[in-house]
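An overview of the molecular structure
Letter by letter, the chains look like this.
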Amino acid sequence: MRRRRARALAEAVAELDAVVEGRVEYLLARGWTPADARAEALRRLGMPLENARYELYQSVRRRERTMQLRELLNDAWDDTRYAIRGLTRRPGFTAVAVLTLAVGIGATTAIFSAVDTIVWRPLPFPEPERLMKVSLIAPQRGRMARNDNMPFSYLKYLAFRDAQTVFERLALFSPTSFNVTEDNTERISGEHVSAAYFATLGVTMARGSAFAPEEDAHPDAPKQVILADGYWKRHYGGDPKVVGRNISFDCNPYQIVGIAAQGFRGLSGGADVFVPITTLSAHTLSFAQSHNYSLVARRKGAVSREQAAAAVQSLGVHVGEVYPDRAPAAEPWSAIARQLDETRAAPLVKRALFVLMAAVALVLVIACVNIANLLIGRAELRRREVALRVALGAGRGRLARLFLTESLLLALAGGAAGVLVAWGGVTLLSRIDPGNALRASARAGMIGAVGFSSIHLDGVALGFALALTALAGLGFGLTPSLHARGRSLPGALRGGLRATDAGSRRLSGRRVLIVTEVALALVLLAGSGLMTRSLLKLLEVDPGFNASGVMAFRIAVPASLTRDRGAGDTRSALPEVYATLVERIRAIPGVTAAAFADCVPVSGGCNGTRIEFLDRPKVSDPSQLPGVGVHWVTPDWFAAMGVPLLRGRRFTDADRQGAPNVVVVSERAAKDFWPDEDPIGKRVALGQGDLEGGAEVIGVVGNVRAVIDEAAKPEVYLSYYQSEQPAAAGFVRTSNDPLLALGPVRQAVHEVLPAAPVFDPQRMSARLTASMARPRFAAGLLALFAAIALGLAVMGIYGVMSFAVSQRTHEIGIRMALGADRSVVLRSVLGEGISLALLGVLIGLAGALAAARGVRALLFNVGPFDPVTYAGMVAVLTAAAIAACWFPARRATRVDPMDAIRAE
Amino acid sequence: MPLLKGTLDLLVLKALSWGPRHSFEIISWIESRSEGRLEITDAAILQAFHRMEERDLITAEWARTSNDRRARYYRLTAAGRAGLRADGDALLDHIHALRRVLTARTSAG
C-alpha cells in the first residue's frame, strides 16, 4: 500500500517534468533559445515549480486513496458474488451448514435471553444498583437453625427505620392473597406493602396516587388499594373512572386510590393489588416476633454498598436488643443487606440456567466444528481450482479473504435463520409455567419481580446473535484458510485426488476436529445423562399418596367464622362447617371420596411446630424440642388420598371438640421419636392447635412428601373436627376426570360458604408434575442439546469418513485387485473411524468428569460421577460413531477395482 | 479569458475521444484547437488528470513517445466516454442558450 503510494507520488513528479520538457522541446523546435524556452515552459505551468509539485502531490494522494478503496470494494463484491455462486451451486452443503448454524446460534440466543432476563439485566427500576434487600439474621437457637434470610416483623421494621441513616427510603412488602367479593367471588394475589413501597422502588402511578405517607402512622385510616395495571385492564377494561371507587375484599370495602405503572406486579412478581400493611389488624402488627415482611431499601446516593452493609449489621443488633427473643442464643441477632438484584433468582435456578448456557455454547462450538469440517472438505474438492487461482496470481491473502467471505456469508445466513430459531425458542420458554419452572420460590426468600414470561428477543439478544454470527464465521472461516496453507502447487495441479502422504496429512486436521467434536458431545451427553437419571429417580419417588383421580382445590374460609378468643368462645363453628362441606361434596354424583387438609402434598409451604413428649422428663429450654410438621385433616383424608394406616386407628367423627384430644403421626415421626417403642397411646404436646395440654397418639400412617425432592420429615396430623383451623384445601376423588367435578364442587362450597371462593383447582397428578418442573425443564432442555450434539458429531464423523473413503478409492481398488478381502477393507476403514471416536471419548470423559461438579447441585439421588451414566453415554456415543463409520466403510467394500484404477 | 468552471474536464475528455494521448499532447491539442484563447495552466491540467482518474473517467499508463521519451498516456474509460457525451451535450445546450440571450437585438434595432 505504502509502496504503491510512494510510486504514484514519484510518477506525478515525473509527469510534471515530462510536461515541462515536452513544452521546452516544442518551443525549441519553433526557434526559441533554450533559456527562453525553459522560462516560457515554467511560466505556462501557472505557478512556481515547487508549488506545482506540492499541488500534484495532493491530488495524487487523493486519487490513490479513492482508487484503493474502490478496488477493495470491488474485490469484496467480487468475493461475495463468487461466494454466493459457490454456495448456491451446492445447495445440499449450504442447507446443512445453515441449518446447523441456525440451531447453534438460535438455541444459544434463546438461552441467553433467559439468562439475561432472569439474572443479568438490571432490575426495571430507576437506579436499581441502589436498591437493597435487608434481612434479619437469626442466630442458631436450640434446634432452630441459623437463618440469615429472616424477614422483618412490623415492629422490628419500625425500630430499624427510625434508627437508620443510610437509606433514603425503605418499605416492607409481603405477598398475600385476597378474596374479591364482588359479583363473583375470586381469589387474587396481592401484596401488603408499606406506604413508601412505590417511592422506594421508583415505581410511578399510571393513574391516581400512591399511598399517602401518613398511612404508616394512622392504622385506622379508611382502607385503600392500588391496582396493578394488568388487573385494572382485565377487570375494569382500563376504565379511568375506577379510581376513587370501592372494591370489596372479604366483604370489606377498599377504596381504589391508584393504578400502578404498566408491568409492575410487585417484587413478588405476581401481585394484582397492593394494600397498605396498616390494614392488617393491630394485633398482627404488634407481635414483634412475627417475621412476615420483606424489607427493601434504597441507599442514599452518597452511601456505598459497604457502608450500608456495615450500618445494617449494627442496626440489626440494635433491633435485636429492642425486641429480644426469649430463646437463648449463642450470638446476638443481626441483619444483612444484599443487593436486590442478587436476590432475584434462587441459586438453583441460576445454576440450572448457567448449566444450560454452557451446554448450549458447547452445541454451538460443535456446530462450528462441523461446519469447519464441511468447509475443509469443500476446500479439498476445490484444490485444483485453488491451485489454478494461485497459478494465475492470486495471493494467499486474497485466497484467505475469498474463503473468509464465503464463511461469513454462510454465518450470516445461519445467523438470520438462527434468529428465527431463537424466536421460536424464546416463545416456548416463556410459555413454560413461570411459577414453577423458574421463578424464584417465596420459600427461599427471593423476589420474583422479573418473571420468566417477560423473556423476549430484544436488541441485546439480537446483538448477541450478531456477535455470535461474526465469531462463528471467523472461527470456521479461518480454519480452512489455515488449512489451505503450505500446499505444493505442482502436486495439486497434477490433479489426481489420490491418497498420498500429503493427502493423509491434510486429513489429520479434520481428524482433530472429529476428536474435538466427539469429546464435546460426550461432555454434553454425560451432563444430560446425569440430569435425566436424576429426573428418573425423582419420578420413582413415592409421594406417599395415590394421585390419580384426585383433584385438590383451595378455599379461603372467612376469618369471621373462627372463634373470638377474646370474647371467651370455647367452641368453634368450623368443625360443623367442614363436616357439612364434606357431606355436600361427597353427595355429588361421581365423587367417591371427599376430604380436607390444610396443606396440599408436594406443594410445599406446610406448617410446623415443636413436639413435646409428656411421658419424658420436662425439657427446660423449649427450643431444644424437636420440630414436627403439623397438618389438619378431616377423618376421611387418609382414605381419600390412599395414605396407608400402618398401626392403630384413623380419626373418626367421634374425635371431636370435647372428646379426648388425639393425633395421628407419620411413619417417619414414629421412627424418629419412638425408635424402640410403640407410639400408640403415647401422649404428646404441640405448639399449635390448642394441643399444648397434650394429645394421645392413636395411629401411624405412611409418609407423605411435602416437597418431592426432600426426604419425608416427621409429621403429626390433627383432626379439623377437634382443633380449629381456617386454612383448608379440599380433595375430591372421582371415578373419572376429577376436574369434571369442579363445577358442582364450587356450587356446593358456595351454598355452605357464600363468601369463600374456590381457587387453584388442579389434579394432584398435575401438581406432582409441577413439583418437578425445574428438574424436568433443565433435564429436558439438556437432553435436547445433547441429542443435537450427538447428531452433529455423527454427521461430522460420517462426513470425514466418507471423504476419507472417496480419497482412498484408488488405493482400495488396487488392494482389492491384489486380492485383499472385503472384510479386511471394511475393518481398516471402520478401525480408523472407531479409533478416532474412542480418542474423542477418552478426552471427553476427562472433560465430563471435570464439568460434573457444575451440575452436582442440580442432581437428585445421583452422584456427579455416577458410573452407570458415564458407561451408558460412552456406549451410546461409541455406537453412534460406529454407525456413522459403517456406511462409508460398506461403500469402500463395494469399490470395483477396475473402475477405481481406470478412473485415474 | 478564464475557463468556465467544470469545462476543463470536458476538454480533456474530448481530447482523448480519438484515442490514448500523453499529457503534453492533450495540452497542446487543447491550445491549438482554442487558438490559445483559453487560459489554462499546465499545472491545472495535470491536476485535472488526477481528479478524473479518481472519478474513473480516464485511466493512465506509462509508455514511450514517438521520440522515445517516457510519458504518461491517458485513455477514456466507458464512464468517461458516457460523461463526455452527456456533459458535452449539456454544455453545448447551455452555451446555445447563452448565445441566444447575449446576441438578442433590441426590437428597435
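Residues numbered from 1 in each chain as written. Chains lettered and ligands numbered in written order. Predicted model: local features only at pLDDT ≥ 70, side-chain atom pairs only at ≥ 80, totals over all residues.

Looking only at helices and strands, chain A has 25 helices and 22 strands in total. What you see for chain A is a C-alpha radius of gyration of 39 Å, clearly larger than the 29 Å of a compact globule of 904 residues, by over 25%. C-alpha atoms of chain A, sized along the principal axes, occupy 140 × 85 × 55 Å. Within chain A, buried positions represent 42% of all 904 residues. Here the contacts in chain A between residues at least 6 apart in sequence split such that 82% fall between residues at least 24 apart. (Helix = DSSP H or I, 4+ residues; strand = E, 2+ residues; numbered from the N terminus. Rg over C-alpha atoms; globule rule 2.2 N^0.38 Å. Buried ≥ 20, exposed ≤ 12 C-beta atoms within 10 Å, placed from the backbone. Contact = placed C-beta atoms within 7 Å.)

Tallying the contact residues gives 20 residues for chain A and 18 residues for chain B. Going through the elements one at a time, α1 (2-29) and α3 (49-89) of chain A are the ones with two or more residues in the side of chain A that touches chain B. By residue number, the principal contributor to the side of chain A that touches chain B is α3 of chain A, which donates nine residues. Of the residues in the side of chain A that touches chain B, the class split is ten nonpolar, four polar and six charged. (Nonpolar A, V, L, I, M, F, W, Y, C, P; charged D, E, K, R; others polar.)

Residue and element names in this part refer to chain A. Counting 103 residues, the largest nonpolar core has V363, V518, A521, L522, F785, A789 and L877 as the members making the most contacts within it. Mapped onto this core, the elements with two or more residues apiece are α4 (91-120), α10 (347-381), α12 (396-431), α14 (459-483), α16 (501-540), α22 (773-817), α23 (822-855) and α24 (867-893). Residue contributions to this core peak at 21 residues, all from α22. When residues of this core are assigned to domains, at least three map to each of domain 2 (90-123 + 348-495) and domain 4 (504-541 + 765-904). (Core = buried A, V, L, I, M, F, W, Y, C linked by C-beta atoms within 7 Å. Domains from an automatic or database assignment.)

Further remarks concern the sheet that holds strand β2 (residues 58-64) of chain B. Residues and elements named next belong to chain B. Here three strands make up an open sheet; going across it, the order is β1-β3-β2 and the pairing antiparallel. Single-partner strands in this sheet number two, and they are β1 (21-22) and β2. Sheet topology places β1 next to strand β3 (residues 70-76); two bridges connect them, and they run antiparallel. When the bridges of β3 are listed, H22 appears paired with Y73. (Pairing = 2+ DSSP bridges.)

Bringing the pairing of strand β14 (residues 607-613) of chain A into the picture now. Residues and elements named next belong to chain A. Looking at chain direction, β14 and strand β15 (residues 627-633) are connected through four bridges and run antiparallel. Bridge pairing links R610 to G627 in β15. Strand direction decides the pairing type here: β14 and strand β18 (residues 683-686), joined by three bridges, are antiparallel. In the sheet register, E612 faces β18, and the bridge partner there is A685.

This paragraph deals with the environment of T200 of chain A. Residues and elements named next belong to chain A. With respect to the helices and strands, the residue T200 is situated in helix α6 (residues 197-201). Since 24 C-beta atoms lie within 10 Å of it, T200 is described here as buried. Excluding its chain neighbours within four sequence positions, the residues that come into contact with T200 are R169, L170, A171, V296, A297 and R298.

To continue, consider the confidence of the model for chain A. All names here are of chain A. For chain A, per-residue confidence averages 84 on the pLDDT scale, and residues scoring 70 or more make up 92% of the total. Taken as a whole, residues 433-446 scores under 50 in pLDDT and shows 41 contacts with residues more than four places along the chain or in a different chain. In this model, residues 486-490 is a region of pLDDT below 50 whose contacts with residues beyond four sequence positions or in other chains number five contacts. (pLDDT = per-residue confidence, 0-100.)

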